[in-house]
Amino acid sequence: QNFVMIPCSEINNAAAVKYNGVRYILYDKEFMRKINSITNNWSNLFILAHEVGHHFYDHMEDLTNKSFQKKTLQTLRSQELEADSFAGAVLYELGATINQTLEITSIFPQGNDSYKIHPNRSKRRDAVNNGYYYSSKITQKASAKTNTYSAEYYLLRGNEKNNYDLNGAIADYTKAIEIDPELTVAYWMRGLVKTKNKQTAGAI
């Protein structure tokens, strides 16, 4: 459904709102400029896509509905991750690389998030990555038909393996790096998996 975008300097962020049946996205121009300046030019699109995701999944109660039930913290956290995943998928469709898509997650807080609506950086990074991967499945299948694979293909296949086949994941990350030596997230993921595989020197 259509929605209305409105600049709003009072929120220092961006937000999805539904009022009288109309879907709105509110955003602070200065906040958006600041995020772009410390990350990249895809970050504004990620933020807006995240808010569109809230509307797409109908997370927002109409503010004029006086009988709506207050959501639990668990539900709110789950919805934030769902919107992150949606944004990851959108950025893939718009042509962003996985590195460009994930760069915004560097500004998300890490640490204990038990009592916060927004999960910590690791959880949100995983959600974004999963959304990007989901959206790229069709591209992967098309690549497989021609027997050509991208660096992102091996990166995402490595991500699939890193919970059950550590050596296989390391091999896939290595292949991704061979194809695209500037795919920094592949080095990062390979280091994490090597740590899990007790290859400390290699991880470093």
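About the cut-offs
- Residues numbered from 1 in each chain as written.
- Predicted model: local features only at pLDDT ≥ 70, side-chain atom pairs only at ≥ 80, totals over all residues.
- Heavy atoms only, no water.
- Phe/Tyr/Trp six-rings, centres within 6.5 Å; stacked < 30°, edge-to-face > 60°.
- Lys NZ or Arg CZ within 6 Å of the ring centre and 35° of its normal.
- Helix = DSSP H or I, 4+ residues; strand = E, 2+ residues; numbered from the N terminus.
- Expected span 1.5 Å × (residues − 1).
- Buried < 20%, exposed > 50% of the residue type's maximum accessible area, 1.4 Å probe, protein only.
- Salt bridge = Lys/Arg side-chain N within 4 Å of Asp/Glu carboxyl O.
- Patch = residues over 30% accessible without salt bridge, like charges linked within 9 Å, V, L, I, M, F, W, Y side chains within 5 Å.
- Areas by Shrake-Rupley, 256 points an atom, 1.4 Å probe, with all protein chains shown as cover.
- Axes fitted to C-alpha atoms, helices over the stretch in contact; angles between N-to-C directions.
- Parallel < 35°, antiparallel > 145°, perpendicular 65-115°, else oblique.
- Left-handed = near helix turned anticlockwise from the far one by under 90°.
- Contact = heavy atoms within 4.5 Å.
- Nonpolar A, V, L, I, M, F, W, Y, C, P; charged D, E, K, R; others polar.

Participant: Summarise the packing of aromatic side chains; cite the residues concerned and give the values.
Facilitator: All chains considered together, the criterion is met by 5 aromatic pairs. In this structure an aromatic cluster arises from ring pairing among Phe56, Tyr57 and Phe86. Its guanidinium or amino end placed over the ring of Trp188, Arg125 lies 4.1 Å from that ring's centre, counting from NZ or CZ.

Participant: Summarise helix 8 (residues 184–196); cite the residues concerned and give the values.
Facilitator: With 13 residues, helix 8 ought to run about 18 Å at 1.5 Å a step, and its terminal C-alpha atoms sit 19 Å apart, in line with that. For helix 8, the set of buried residues is Val185, Ala186, Met189, Arg190, Gly191, Val193 and Lys194. The positive-phi residue at the C-terminal boundary of helix 8 is Lys198, with phi of around 60 degrees.

Participant: Quick one: what's the story with the pattern of salt bridges, residue by residue and with numbers?
Facilitator: For the structure on display, the rule yields 9 salt bridges. For Asp58, the salt bridge is made with Lys18, and the minimal N-O distance between the two is 3.3 Å. Taken together, the positions of Asp58 in the loop between helix 2 (43–56) and helix 3 (73–94) and Lys18 in strand 2 (residues 14–19) put the pair 40 residues apart, joining distant regions of the chain. Since its relative accessible area comes to 15%, Lys18 is described here as buried. We note a salt bridge from Glu30 to Arg33, for which the minimum N-O separation is 2.4 Å. Taken together, the residues span about one helical turn, with Glu30 and Arg33 both in helix 1 (residues 29–38) at a distance of 3 residues. Ionic contacts of the salt-bridge type, sharing partners, join the residues Lys18, Arg23 and Asp58 into one network.

Participant: Go over a nonpolar patch on the surface, please, and point to the residues and values.
Facilitator: Nonpolar side chains collect at one region of the surface, where Val4, Ile6 and Val22 lie side by side and expose about 180 Å² of accessible area between them. For Val22, the location among the structural elements is in strand 3 (residues 22–27).

Participant: I'd like to hear about the packing of helix 7 (residues 166–179) against helix 8, residue by residue, with values.
Facilitator: In contact at an axis separation of 9 Å, helix 7 and helix 8 are set at 160 degrees when each is read in the N-to-C sense. On the basis of their axis angle, the class for helix 7 and helix 8 is roughly antiparallel. Here the hand of the crossing between helix 7 and helix 8 comes out left-handed. Along its contact with helix 7, which presents Leu166, Ala169, Ile170, Tyr173, Thr174, Ala176 and Ile177, the element helix 8 presents Ala186, Tyr187, Met189, Arg190, Val193, Lys194 and Lys196. In the contact of helix 7 with helix 8, the residues fall into 10 nonpolar, 1 polar and 3 charged.

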